[in-house]
Amino acid sequence: MSVRPATPSPHANPGVTPGPPADAVSLASVMQELTRAALDLFDETGNLDDFLQHMATRLGCLVVLWLEQSPEGAVRLLGSAGLSRTSRALPLTTQTEAGPERAQAVVHWGTVDLPYPELTTSSLTVWQFPFQLVLEGGLPSEFLLFFESSRPLFPQYFGLVKRLLRVAEKALDHRRLDARLRESEHRLSEQMLLLEYENEATLDGILIVSADGRIVSHNRRLLELWGLTPDEVRRGGSARTLLPMAAQHVREPARFFGLVRKLLSAPEGTFADALTLRDGRGLELFSAPLLDQERRVFGRGWYFRDITQRKQAEAERAGLLAREQAARQAAESARQRSSFLAEASRRLAGHLDADKALAQATALAVSFLSDWCVALLVEDDALCVRAAAHRSPEGVEQVGALRQLRVPLDVPEGAPLVAHTGRSALVRGEETTVLPLAPLGLREPAHLALLSELGVAAWLSVPLVARGRTLGVLTLVSTLGTHRWSAEDVELVENLAARMALAVDNARLYEEAQRAIRVRDEFLSVAAHELFTPLTSLRLTVQGLQRGAEAPPSPAVLRIVDRQTQKLMRLVSELLDTSQLRTGRLGLHLEDVDLGQVVREVAEQLGPELERTGTSLTLDVAPDVVGRWDRLRLEQVVQNLLSNAAKYGERKPVELRVLADAGLARLVVMDHGMGIPPEDQERIFAPFERAISSRHFGGLGLGLYIVQRIVQQLGGNIRLLSEPGQGSTFVVELPRTSLPSSREPPPEAARQLH
């Protein structure tokens, strides 16, 4: 069954026959009663359903419905009269939501299905009234009053219902307004209380004053920060009296008073500043006007915050930042130093020539550490400039004049002093008045003029030390004081100097190795020649003996064989002795030996050799020169020295003396031959060395080396006195007592040495 909504009219109501006019008294009674029920809705305890039920009863309605429909078409039941509790719980559906049985199941009101059993009467009359609540967000709603069609309706009731619903609208709006007002007041009270709690809980001191300067509110934190009491605040009463009281605690009261006067004279001004109290605490001040919605000033707020910890934290952060920046700078500086040393190592490793390596290092030093620098190496008793570099092209030629310069090691300043002490030296312009003299220790006018032209504001000298020996000095110079050389810089230069010293040492070791190889090759050639000569003589003698095999060998032939055999044994013995001396395996068999007797026996053995060379020998032997020595080794010493004198004596007389004093025996071998230059007098005691080329004199160059080592093992020493063209004198001094550290090999081993 469908019910078509329509707006009732007191003059025409389709399908309804108006009833007789209502009695004025009864109408007024109904009107009064329902109006009172509508006015009850102003009270928050008033119930809308009670009002609807009362209206349905007095008007004779079958059902009263209050329906609300959203813009999306959803319908909601807001109130009702004449429906059971079960009916009120039934859902309302629209035409699109209903199934095919819609037409028979429920009463239809437009597109809305009204599934209420109370509306299943066959014939109904419905009055429809729009109902709008302003505070409900503007959603439209309607009141539907259902009457049985057979019931007569009074036309006056239509206007009555309309007026009652207007009263109900106002009552409900008023009630909602009143509820919202009470809710707003409650929220305002809560917010005021929360604001008060927040003011008390905040770490800021708050002071609120009115436009005329009266104190409106403050919190406890304000009193704590300023050391005030509540009584002092109450007695003060205004900002003009309270703030000067607080100024007693400020470290700069005059400045604080000036600020207060400035703010009081400019009500709309805003100001922020920081104050320091007498106890050292720091306060941050902020003052701003309080404005209403029309931007009118009605007071001023003063806000104070303790920033002592914040300042401490800022100071700590600043310190941390400074330390971090310093650490970053140190790390970057360390990276640069590492890169510098890596580049220096790369450059130095590329050269086995000392001068080239030093040139590379000095060129690198002036690119990073100095304006100009020089590298000096120790040579004899002086420092020689072996490399020099300047950072500017103009200065390269000037600093080049220092190359090959020799500075005596006994100069008590500059590079010579550093070489002597083995310690680095750093001198700056403000620390000394002798800077032009100091870097290299030069005093000659020409050199002083050159240093003055190059410029010296500060200098740093570092020793070049390798394997515990000072090889030279690296000197860096700053011309305009641009290089200050911190402790880290000095350490960097010392590391560079260590690498340079290692490169120089390696270059020298390489040169020595190359020279040793050349000496070895020359020795092998000489040894082969020396061994080949007696072997050839022996071979020729043997061949002669083979041709005359039937005749016995003559004594002369046997002497040749014996002489060449002895020469071969001597050469092999020298090689064996050299090997044992180098490995420290040469043992001594100590016994009482008469040195004079040994000298005479050796002289007798070498008589034929001296006779062949035309050398005359003079012996001057003291008697009973006896000591604890190795007889065979002592014979070897005398034999080598006497053979050496005969070889280089140029057929001139040779003198051999044996002397003695308390506890010491002295052997002197003197020739009058070619002599030995001073520069070679130390070298000839090294293995495979000789003063004259092997092309002129034979031998392996081991005789004097073996002599020196045997004498040293016997606890003695050997000295050489010689001048070119004046001959040579070898002096051997031996203690006549045995050495505690001497080891005596078994006799069999001693006999195998020759």
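The model shown is predicted, which means the values in this text are computed figures rather than measured ones.

> Please clarify how the pattern of salt bridges should be interpreted in this entry.
Pairing of side chains with opposite charge becomes possible as their charged atoms draw close. Throughout the structure, instances matching the rule amount to 36 salt bridges. We note a salt bridge from R328 to E324, for which the minimum N-O separation is 3.2 Å. Of this pair, R328 and E324 both sit in helix α10 (residues 308-349), four residues apart, which is roughly one turn of that helix. The class for R328 is exposed, based on a relative accessible area of 57%. The exposure class of E324 is partly exposed, given its relative accessible area of 39%. Note that E635 and R631 form a salt bridge whose closest N and O atoms lie 3.6 Å from each other. Note that E635 and R631 are positioned in helix α19 (residues 631-648) at a spacing of four residues, about one turn of the helix. Via salt bridges that share partners, D355, E379, D381, R386 and R406 belong to a single interconnected network.

> Would you mind showing me how to read α10 here?
One turn of the α-helix equals 3.6 residues, which is why residues spaced by three or four share an orientation. Taking 1.5 Å of rise per residue, the 42 residues of α10 would be expected to cover 62 Å, and the 60 Å separating its terminal C-alpha atoms lies within 8% of that figure. Residues of α10 that are buried: T308, R337, F340, L341, A344 and L348.

> What's the story with empty space enclosed by the protein in this structure? I'm lost.
Here the idea is plain: a probe the size of a water molecule rolls over the atoms and shows the empty space left. Across all of its chains, the model carries two cavities of 30 Å³ or more by this definition. When its volume is computed, the second largest cavity comes out at roughly 50 Å³. Forming the boundary of the second largest cavity are L207, L222, W226, L228, L242, L243, A246 and F304. Put simply, the parts of the chain that give the lining of the second largest cavity at least two residues each are α6 (220-226) and α8 (239-247). With three residues, the single largest contributor to the lining of the second largest cavity is α8.

> Mind showing me how you'd approach the nonpolar core here?
Of all hydrophobic cores here, the largest spans 41 residues; its most connected members are L595, L641 and L667. Mapped onto this core, the elements with two or more residues apiece are β20 (590-594), α17 (595-605), α19, β23 (654-661), β24 (664-671), α20 (703-713), β25 (717-722) and β26 (728-735). When near neighbours in sequence (up to four residues on either side) are disregarded, L595 contacts V625, W629, L634, V658, A665 and L667. By size, the runner-up hydrophobic cluster in this structure holds 36 residues, among which are A357, A389, L460 and M500.

> It is not clear to me how the packing of aromatic side chains should be interpreted in this structure. Could you clarify?
Each aromatic ring pair is specified by the distance between its two centres and by the angle formed by the two planes. Across all of its chains, the model carries 12 aromatic pairs by this definition. Taken together, a centroid distance of 5.0 Å and an interplanar angle of 80° make the contact between W66 and F131 edge-to-face. Highlighted residues: W66 in strand β2 (residues 63-69) and F131 in strand β7 (residues 124-131), separated in sequence by 65 residues. Here W66 and F131 have matching classes, each one buried. Between W226 and F256 the ring centres are 5.7 Å apart and the planes differ by 40°, which places this aromatic pair in the tilted class. Taken together, the residues W226 in helix α6 and F256 in helix α9 (residues 253-265) connect sequence positions 30 residues apart.

> What is the right way to look at unusual backbone geometry in this model?
Leave glycine aside and you will find that most residues have negative phi; peptide bonds, for their part, are mostly trans. A positive phi angle, near 65°, is found at R295, a position not held by glycine. In this fold, R295 is placed in the loop between β12 (282-291) and β13 (297-306). One non-glycine residue with positive phi stands out, namely R651, at about 65°. Tracing the backbone shows R651 in the loop between α19 and β23.

> Can you help me understand the side chain of Q128 in this one?
Within the secondary structure, Q128 is located in strand β7. Here Q128 falls in the buried class, since its relative accessible area comes to 12%.

> Explain a nonpolar patch on the surface here, please?
On the surface, a cluster of nonpolar side chains totalling about 300 Å² of accessible area is made up of L188, M192 and L195. Position of M192 relative to the elements: it lies in helix α5 (residues 156-201). Given the relative accessible area of 52%, M192 is considered exposed.

> What is the right way to read the confidence of the model for the chain from this model?
Parts of the model with low pLDDT should not have their predicted coordinates read in detail. Taken as a whole, the chain shows an average pLDDT of 79; of its residues, 81% reach a score of 70 or greater. With pLDDT under 50 throughout, residues 5-17 is counted as low confidence; its partners more than four residues away or in other chains account for 22 contacts. Contacts for the low-pLDDT stretch residues 740-754, under 50 throughout, to residues beyond four places or in other chains number 24 contacts.

> Could you clarify how one ought to interpret the sheet that holds strand β18 (residues 458-466) in this entry?
Remark on secondary structure: sheet strands pair via backbone hydrogen bonds, oriented parallel or antiparallel. With respect to topology, six strands assemble into an open sheet ordered β16-β15-β14-β19-β18-β17, the strand pairing being antiparallel. The sheet is open, and its two edges are formed by β16 (406-408) and β17 (425-428), each paired on a single side. Across the sheet, the mean angle separating the axes of adjacent strands is 25° when strand polarity is ignored. Both β17 and β18 contribute to a ladder of four bridges, which runs antiparallel. Residue pairing for β18: V427 is matched across the bridge by W459. Its contacts with the sheet place helix α11 (residues 354-368) against β14 (372-379), β15 (382-390) and β19 (469-478), and it is angled at close to 50° to β15. Set on the sheet, helix α12 (residues 393-400) makes contact with β14 and β15; between it and β15 the angle comes to about 165°.

> Can you walk me through the pairing of β18 in this structure?
Looking down a regular strand, the side chains alternate between one sheet face and the other. In terms of residue burial, β18 counts as a mostly covered element, since eight of its nine residues are buried. Two elements, β18 and β19, share nine bridges in a ladder whose sense is antiparallel. Within β19, the position partnered with V465 by the bridge is T470. With antiparallel pairing between neighbouring strands as the criterion, β18 and β19 make up a hairpin whose turn holds two residues, including R467 at a positive phi of roughly 50°.

> Explain α9 to me, please; I cannot follow it from the model alone.
With 13 residues, α9 should reach 18 Å at 1.5 Å per residue; the first-to-last C-alpha distance of 18 Å fits that figure. For α9, the set of buried residues is F256, L259, V260 and L263. Buried positions in α9, seen along its axis, are confined to an arc of 100° and lie on one side of it. Exposed positions of α9 whose direction lies more than 90 degrees from the buried face are A254, R261 and S265. Looking at the buried side of α9, the elements it contacts are α6, α8, β11 (271-276), β12 and β13.

> Hey, could you run me through the sheet that holds strand β21 (residues 617-621) in this one?
Read across the sheet, five strands follow the order β21-β23-β24-β26-β25 without closing on themselves; strand pairing throughout is mixed. Each edge of the open sheet carries a strand with a single partner, namely β21 and β25. Each adjacent strand pair in this sheet contributes to an overall mean axis angle of 15°, direction not counted. Relative to β26, β25 runs antiparallel, the two sharing six bridges. Across the sheet, I718 pairs through a bridge with V732, a residue of β26. Each of β21, β23, β24, β25 and β26 touches α19; the most contacted strand, β24, lies at about 20° to it.

Rules and cut-offs
- Residues numbered from 1 in each chain as written.
- Predicted model: local features only at pLDDT ≥ 70, side-chain atom pairs only at ≥ 80, totals over all residues.
- Heavy atoms only, no water.
- Salt bridge = Lys/Arg side-chain N within 4 Å of Asp/Glu carboxyl O.
- Helix = DSSP H or I, 4+ residues; strand = E, 2+ residues; numbered from the N terminus.
- Buried < 20%, exposed > 50% of the residue type's maximum accessible area, 1.4 Å probe, protein only.
- Expected span 1.5 Å × (residues − 1).
- 1 Å grid on protein atoms, 1.4 Å probe; cavity = no way out; pocket = protein on both sides within 12 Å on 5 of 7 lines; lining within 4 Å.
- Points joined across faces, edges and corners; volume = space filled by probe spheres on them.
- Core = buried A, V, L, I, M, F, W, Y, C linked by side-chain atoms within 4.5 Å.
- Contact = heavy atoms within 4.5 Å.
- Phe/Tyr/Trp six-rings, centres within 6.5 Å; stacked < 30°, edge-to-face > 60°.
- Patch = residues over 30% accessible without salt bridge, like charges linked within 9 Å, V, L, I, M, F, W, Y side chains within 5 Å.
- Areas by Shrake-Rupley, 256 points an atom, 1.4 Å probe, with all protein chains shown as cover.
- pLDDT = per-residue confidence, 0-100.
- Pairing = 2+ DSSP bridges.
- Axes fitted to C-alpha atoms, helices over the stretch in contact; angles between N-to-C directions.
- Arc of directions from axis to C-beta.

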